[in-house]
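Chains, contacts and geometry: an overview
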Amino acid sequence: MANKLLSGKIEFIQYHKPGLMSGDYEVKIEQTIGDKLDGQKTTKKESGAGAASAKIPTETIFENTRKFTVAGPRFQLAPQDIYTVFPPPGSLGEHSNVLPHVIFNRSTLPWEREIWSGKDQPEEGESGSSASWLALLVFHQDDIEEGRVSQPKVMELKEVIKLKQGEKKKGPWKLDEHLKDSAAGIHNTAIPETIIGSDQHPEDKVTLIDVERALLEELRPSPADLDFLAHVRQRKTVSVDVDTKYKTSLKKCKEKETKTAKEVFAKANKGESYAEFREVLKKAGIRLSPQKFCSITSRKNGEKIEWVLTNTDNKKQFVARLDRGKDKKGKQIDVLNVFTNDAEVAIVVANRLPTPNGLSTVHLVSLEDRYNAEGEFQYGADAKANFARLVSLKQWSFSCTRPDRTFKEIIIALDKDTLRLKEPAGVTSEQSEILEKGYVPLRHYLRKGDKTVSWYHSPLLPWRNSERLYGLERLASAKPGGFPSASSEHGGWTFKGDDQYWVERSTDKKFRGFKVKPCFGSHPRVSDQLLRLDQASGIFDTTYAAAWKLGRLMALEDKRFSVALSNWKRTCAQHAHRFKQAGGDLHLHADEHPDLVSSLAPPPPEVSTWFDQRNILKGVPFNYLVPDSRMLPEESIRFFEVDPLWMDCLLDGAFSLGRVTEVDHRQDYQHIIADNRYPKMSGVLIRSEAVSGWPGMLVDAFYKLPSGVELFKSEDDATLTPDDVPKLRKALESIGLPLPREIAVKYSDDHESCIVNDLDTNPDYVDMILSAEDDPQLCLMMPDRDRQYHYTVINEGTEDAKELYLKLPLLRQERLGNGVLLCLFQGAVQRVDVHLKPETLHFGFKREDGKFWKELKQENGEEYKDENDQQLEGTTLEITDWKTKESESLGGGTLDIEATAAAMEKLLKIKATADAMGKLLDGEKSLKKITSAQFALQMIEGNELVRFTVDAPTLKNEGA
């Protein structure tokens, strides 16, 4: 079959049970040795001269016992165990139709302990066999105010354990059934006897809550409910279906075995070798290491068999799984799906809705050993106790407010503009023009103590500036007389007198020459050289002087960086001096030596990392980014383009450490121009309660490719070069995006998107010219520090009239404060999509006139919609199975999970049967018994997306 790339998807898995449950274990080994003379069983072999003829004593058994403990969370969870919760803690929004949930970083956590108190447990596949020991209980504000649930109380285990007379506190212990010190202040609170494992200690903390028995009867899920309230979710960022011929080799690695790729693919049939398997995955963006650096482990995940492919040299992991897919005709076939091993997460969902227009508190409680074999909840020995004690592992609160405060409504209502001051009344036309460019007037303290007012603008501009600290001017002649050609494959720096030139070798082996022109007429030595005078207003422009000075101060503040930079520059200076001496010796041939720049030692990691962070404005004080708070008011979104000249000045100021003499300046000239990694950046700033209320918010940016751009020559798996896609290369370079030397273009399964993959498995740092024809920009192409250059293109038009949007690489997304979010993208932003993380997809219902319902989905996650985008008849389920009647009108009730799942299963089977009859498939698509994975798929409510269109900058660069 043809290799088919799949777009990033989320997969739901019923459960992921660990190899061993948490707890204490005992291993007993017995050995019996038989007498070789007469067959009798003996204790041991005798020694001595007559040992061979002597009879060994009668049967004796040798035995040994070893104990070990599988330690797992029990009474406390570490902060790193929990990925996130929803609704977010302290949030204000319309959550009254949403079931709260918690996401765990470890996918096995909900199944690491049992809910059953005895040895009798259900068989695999029976009700309760995959029940989670963790459950979410939702308490309304009335429950707390009326004392039906206590405030949590933190105690040490030694305060709550039951000790017999004279027993020392060494463990294992039992939790006391009757605790005099009740967390609720009520004495008749009971908890079943619980054995405390050997991995717990008397000083361990435990958080306890007491819940009224009548309330707990309404809230607690049954074992059958718990089967549906926990599942595993996995996101596949890169996924490809390959030919199943490779499964023959992979099956040599049995379940729970680990082998090297060399062992697994040994004696593979022709065309099924590891080298070919690796090459197929490489073209899809999955990079496996050579077979001696790749290990393969087999495991079972739910009902499916998987092979985990681990690169032992860089610790990256991928997963191969036998799955079901479709061929080009839509027929179901077996496929081998290989995808990135993005961390699996486990999700536990609550069964009660929050209270409308009020505060709700959620407790993650332990149900370990709380159910007997009949599925009855164990309250403890005191049958008359009206409160039950539970162990709480996590709690958070949130409030439901009016419906117009949903995530979507908040984002839609944001004030949209560029980052600039609104024009106050009474300003002149000249002042208005300056404010339009993002300038603000600030106090300026001069060196001699005088005070004045000067202009300053942020690096986040409302217009596009193409100036650079060191600009490039295209030369008419490719080889100006008097300077040698660069020996590097990609070109390099050369000199002619006091001027410096860049020579680039293109793919057609020709050279292009550029002369370097300092923006301020000379190389900066102090910040005052970068002051400008605005002729219209007669006021200084301190922007670039402030940026240069800031870079220098930030470099001096970081002692580790400043020392490493100074040492490296000294090494480079010594190398340059030796190079010059060698070139001047007559008995040495200069052409036998590499050019100076290509032979310089690379900077140490701490220097490269420091400049990487400054390139995305990390560490830059917020008042330099937003110099006036009025530029970013509450509930606003601001679009901007990053000023490359401001970035050049910041980086040059940092690089100026140790720059004193003319020789230092000339030496620095070898490096500083290439320090700006991203000559064109843009982004958004958001200040809103949505930033703090929804921590999982994501921002995607897109650039619309010009019409006529073709992405590939054919649909073959051939390797392409930038010359094969000249229009794409030109479009990317126009917005500052380099194209790797080897690429492959892969379509997704729906042919509505594709990914341009970087196939260079041994990338290096390459200086290159972007947009050389009209706006030459020099940048340092960085193929791999944390990422390769992979570009995603989405077609939002038709096959005949394509509208191609390039998803811009996200360089930084960070919360700068409680309600401020900064997003930086490489390239020019023309469209911005704001939405929530797929991991924060919530579980809930649609609601209208006091009724709740679910619009069911197909097995692939798509909705049952007709040609008018309306839900098909017979695929909408009204939710009527509630444990509390309040839900029917007011909301906030407890859902009967088992009954709701059964109703879903029934309706889906009816729909599947109807589809089968309509297509004469003879029942082939009939649904199996619904599991927690299918239940989660049906209960999921998609995150709504808000789209902003960014107008192209209307202000042009007018120079100094």
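Residues numbered from 1 in each chain as written. Predicted model: local features only at pLDDT ≥ 70, side-chain atom pairs only at ≥ 80, totals over all residues. Heavy atoms only, no water.

A few words on the overall build of the protein. A count of helices and strands for the protein gives 20 helices and 54 strands. Looking at the protein as a whole, 50% of its 960 residues qualify as buried. Long-range contacts, defined as pairs at least 24 residues apart, comprise 72% of the intrachain contacts of the protein with a sequence gap of at least 6. When the accessible surface of the protein is summed, it comes to about 46,700 Å², and 49% of that surface belongs to carbon and sulfur atoms. (Helix = DSSP H or I, 4+ residues; strand = E, 2+ residues; numbered from the N terminus. Buried < 20%, exposed > 50% of the residue type's maximum accessible area, 1.4 Å probe, protein only. Contact = heavy atoms within 4.5 Å. Areas by Shrake-Rupley, 256 points an atom, 1.4 Å probe, with all protein chains shown as cover.)

Bringing the nonpolar core into the picture now. Counting residues in hydrophobic clusters, the biggest one holds 56 residues, and the most contacted among them are Leu460, Phe611, Leu617, Trp646, Cys649, Leu685 and Leu824. It is helix 15 (residues 644-655) that contributes the most residues to this core, 8 residues altogether. Shared between two domains, this core holds at least three residues of each, these being domain 2 (415-477 + 489-687) and domain 3 (698-748 + 765-835). Once you skip the residues sitting within four places of it in the chain, Leu617 turns out to touch Pro459, Leu460, Leu625, Trp646, Met647, Arg812 and Leu824. Counting residues in hydrophobic clusters, the runner-up holds 47 residues, among them Met697, Ile743, Leu808 and Val834. (Core = buried A, V, L, I, M, F, W, Y, C linked by side-chain atoms within 4.5 Å. Domains from an automatic or database assignment.)

Moving on: the pattern of salt bridges. All chains considered together, the criterion is met by 35 salt bridges. Two residues, Asp210 and Arg389, come together in a salt bridge whose shortest N-O distance is 3.0 Å. Pair noted here: Asp210 is in strand 16 (residues 205-212) and Arg389 is in strand 26 (residues 387-400), with a separation of 179 residues, a long-range link. According to the relative accessible area criterion, Asp210 is buried, its value standing at 0%. Judged by its relative accessible area of 1%, Arg389 falls in the buried class. As a salt-bridge pair, Asp612 and Arg677 come within 3.2 Å of each other at their nearest N and O atoms. Placement of Asp612 in helix 13 (residues 605-615) and of Arg677 in the loop between helix 16 (662-668) and strand 38 (681-687) is noted, with a sequence separation of 65 residues between them. Arg677 shares its class with Asp612; the two are buried. In the salt-bridge network here, residues are joined through shared partners; they are Asp143, Arg148, Glu212 and Arg352. (Salt bridge = Lys/Arg side-chain N within 4 Å of Asp/Glu carboxyl O.)

Let us look at the side chain of Ser366. Take Ser366: it is sitting in strand 25 (residues 359-366). Since its relative accessible area comes to 9%, Ser366 is described here as buried. One polar contact links the side chain of Ser366 to the main-chain amide nitrogen of Glu368, over a distance of 3.4 Å. Each residue touching Ser366, except ones within four places of it in the same chain, is listed here: Trp133, Val391 and Leu393. (Polar contact = N/O pair within 3.5 Å; in protein donor to acceptor, adjacent residues only side chain to side chain.)

Counted according to the given criterion, the structure contains 16 aromatic pairs. Ring plane angle 80° and centroid distance 5.4 Å describe the contact between Tyr371 and Phe377, whose orientation is recorded as edge-to-face. Taking relative accessible area as the criterion, Phe377 reaches 8% and is therefore assigned buried. Each member of the aromatic cluster is reached from another via a ring pair, and the members are Phe561, Trp568, Trp610, Phe611 and Phe655. Sitting above the plane of the Tyr15 ring, Lys17 keeps its charged end 5.1 Å from the centroid. Sitting over the face of the ring of Tyr805, Arg831 holds its NZ or CZ atom 4.4 Å from the ring centroid. (Phe/Tyr/Trp six-rings, centres within 6.5 Å; stacked < 30°, edge-to-face > 60°. Lys NZ or Arg CZ within 6 Å of the ring centre and 35° of its normal.)

Here Ser392 lies in strand 26. Taking the C-alpha atoms as reference points, Ser392 and Phe75, separated by 317 residues in sequence, lie 7.7 Å from one another. With sequence-adjacent residues up to four places away left out, Ser392 is seen in contact with Thr207, Ile209, His363, Leu364 and Val365. Of the polar contacts made by the side chain of Ser392, one reaches the side chain of His363; its length is 2.9 Å.

Let's shift gears to the sheet that holds strand 51 (residues 851-855). Within the open sheet, the 3 strands sit side by side as 50-51-52. Their pairing is antiparallel. Each edge of the sheet is formed by a strand with only one pairing partner; in this case those strands are strand 50 (846-848) and strand 52 (876-878). Each strand axis lies, on average, 30° off the axis of its neighbour in the sheet, ignoring direction. (Pairing = 2+ DSSP bridges. Axes fitted to C-alpha atoms, helices over the stretch in contact; angles between N-to-C directions.)

As a packed pair, helix 10 (residues 543-557) and helix 15 sit with axes 6 Å apart at the nearest point and diverge in direction by 35°. As helix 10 runs across helix 15, the sense of the crossing is right-handed. Here Thr543, Tyr544, Ala547, Trp548, Leu550, Gly551, Arg552, Met554 and Ala555 of helix 10 lie close against helix 15, whose contacting residues are Leu645, Trp646, Cys649, Leu650, Asp652, Gly653 and Ala654. Counted by class, the contact of helix 10 with helix 15 contains 11 nonpolar, 3 polar and 2 charged residues. (Left-handed = near helix turned anticlockwise from the far one by under 90°. Nonpolar A, V, L, I, M, F, W, Y, C, P; charged D, E, K, R; others polar.)

The next point concerns the environment of Trp116. Note that Trp116 resides in the loop between strand 9 (101-104) and strand 10 (134-140). Distance from Trp116 to Gly375, taken between C-alpha atoms, is 8.3 Å for residues 259 residues apart in sequence. Once residues lying within four places of it in the same chain are set aside, the contact partners of Trp116 are Gln121, Pro122, Gly128, Pro223, Asp369, Tyr371, Asn372, Ala373 and Gly375.

The set of residues buried in helix 9 (residues 429-436) consists of Ser432, Ile434 and Leu435. End-on view of helix 9: buried residues confined to an arc of 160°, all on one side of the axis. If you follow the buried residues of helix 9, they end up packed against strand 28 (439-445), strand 29 (451-457) and strand 35 (532-534). (Arc of directions from axis to C-beta.)

Attention now moves to the packing of helix 13 against helix 15. The interhelical angle for the contact between helix 13 and helix 15, taken along N-to-C directions, is 155°, at an axis separation of 10 Å. Our classification of the angle between helix 13 and helix 15 gives roughly antiparallel. Between helix 13 and helix 15 lies a crossing whose hand is right-handed. When helix 13 is examined against helix 15, the residues Trp610, Phe611, Arg614 and Asn615 are found in contact with a partner set consisting of Met647, Leu650, Leu651, Ala654 and Phe655. Split by residue class, the contact of helix 13 with helix 15 holds 7 nonpolar, 1 polar and 1 charged. (Parallel < 35°, antiparallel > 145°, perpendicular 65-115°, else oblique.)

Attention shifts here to the sheet that holds strand 49 (residues 842-844). Taken in spatial order, the 3 strands make up an open sheet running 8-49-53, and their pairing is antiparallel. With one partner strand each, in any of the chains shown, strand 8 (98-99) and strand 53 (940-941) form the two edges of the open sheet. For strand 49 and strand 53, the ladder comprises 2 bridges, and the chain directions are antiparallel. Bridge pairing links His842 to Glu941 in strand 53.

Moving on to helix 18 (residues 726-734). Among the residues of helix 18, Leu728, Ala731, Leu732 and Glu733 are the ones counted as buried. Gly736 sits one or two positions beyond helix 18 and adopts a positive phi of about 80°.

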